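# Structural overview
So you can see what is in the structure, the chains are spelled out below.
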Amino acid sequence: MLTKAFETIPDETGLILHSDQGWQYQHKQYQPMLQAKGVQQSMSRKGNCLANAEAENFFGLLKRELLYLQKFQSMQRF
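What counts and what doesn't
Residues numbered from 1 in each chain as written. Predicted model: local features only at pLDDT ≥ 70, side-chain atom pairs only at ≥ 80, totals over all residues. Heavy atoms only, no water. Helix = DSSP H or I, 4+ residues; strand = E, 2+ residues; numbered from the N terminus. Buried < 20%, exposed > 50% of the residue type's maximum accessible area, 1.4 Å probe, protein only. Areas by Shrake-Rupley, 256 points an atom, 1.4 Å probe, with all protein chains shown as cover. Phe/Tyr/Trp six-rings, centres within 6.5 Å; stacked < 30°, edge-to-face > 60°. Core = buried A, V, L, I, M, F, W, Y, C linked by side-chain atoms within 4.5 Å. Contact = heavy atoms within 4.5 Å. Arc of directions from axis to C-beta. Patch = residues over 30% accessible without salt bridge, like charges linked within 9 Å, V, L, I, M, F, W, Y side chains within 5 Å. Salt bridge = Lys/Arg side-chain N within 4 Å of Asp/Glu carboxyl O.

A few words now on the overall build of the chain. The helix and strand tally for the chain stands at three helices and two strands. Listed by position from the N terminus, the elements making up the chain come as α-β-α-β-α. The buried share of the chain, reckoned over its 78 residues, is 13%. For the chain, the accessible area works out to roughly 6900 Å², and carbon and sulfur atoms hold 55% of it.

Shown next, in the form of structure tokens:
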């Protein structure tokens, strides 16, 4: 997923990747890939679901009210 996303995102865009503490963060390649692309990692603390609640709520609303209601021809259109 990360490799595919990085194919379309320019370097040093100042992106912040917010996520939970999933299995992929145990892989040695993950953090160096983010650093090489200039992406800042933001991760909720273990056992603290409230740290991620705002981001989860925002993206849930975005998908429900924007993404699922129409079909986009490209990422640029989105």
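Below, the discussion takes up the packing of aromatic side chains. Each aromatic ring pair is summarised here by two numbers: the centre-to-centre distance and the angle between the ring planes. For the structure on display, the rule yields one aromatic pair. Judged by centre distance (4.9 Å) and plane angle (75°), the ring pair of phenylalanine 58 and phenylalanine 59 falls under edge-to-face. Residue classification places phenylalanine 59 among the partly exposed positions, given a relative accessible area of 47%.

Moving on, we get to the nonpolar core. The nonpolar side chains of a soluble globular protein tend to be buried with one another. Residues Leu2, Phe6, Tyr30, Leu34 and Val39 constitute the largest nonpolar core, which totals five residues. Non-local contacts of leucine 34, meaning those with residues more than four positions away in its chain, are made with Leu2, Phe6, Leu17, Val39 and Gln41.

Considered for burial, the residues of helix α2 (residues 30-37) that qualify are Tyr30, Leu34 and Lys37. One face of α2 carries all of its buried residues, which in axial projection span an arc of 70°. Opposite the buried face of α2, by more than 90 degrees, sit the exposed residues Gln35 and Ala36.

Let us now look at a nonpolar patch on the surface. On the surface, Leu67, Tyr68, Met75 and Phe78 cluster together to form a nonpolar patch covering roughly 460 Å² of accessible area. Counting through the fold element by element, leucine 67 comes out in helix α3 (residues 50-67). Its relative accessible area of 32% is what places leucine 67 among the partly exposed residues.

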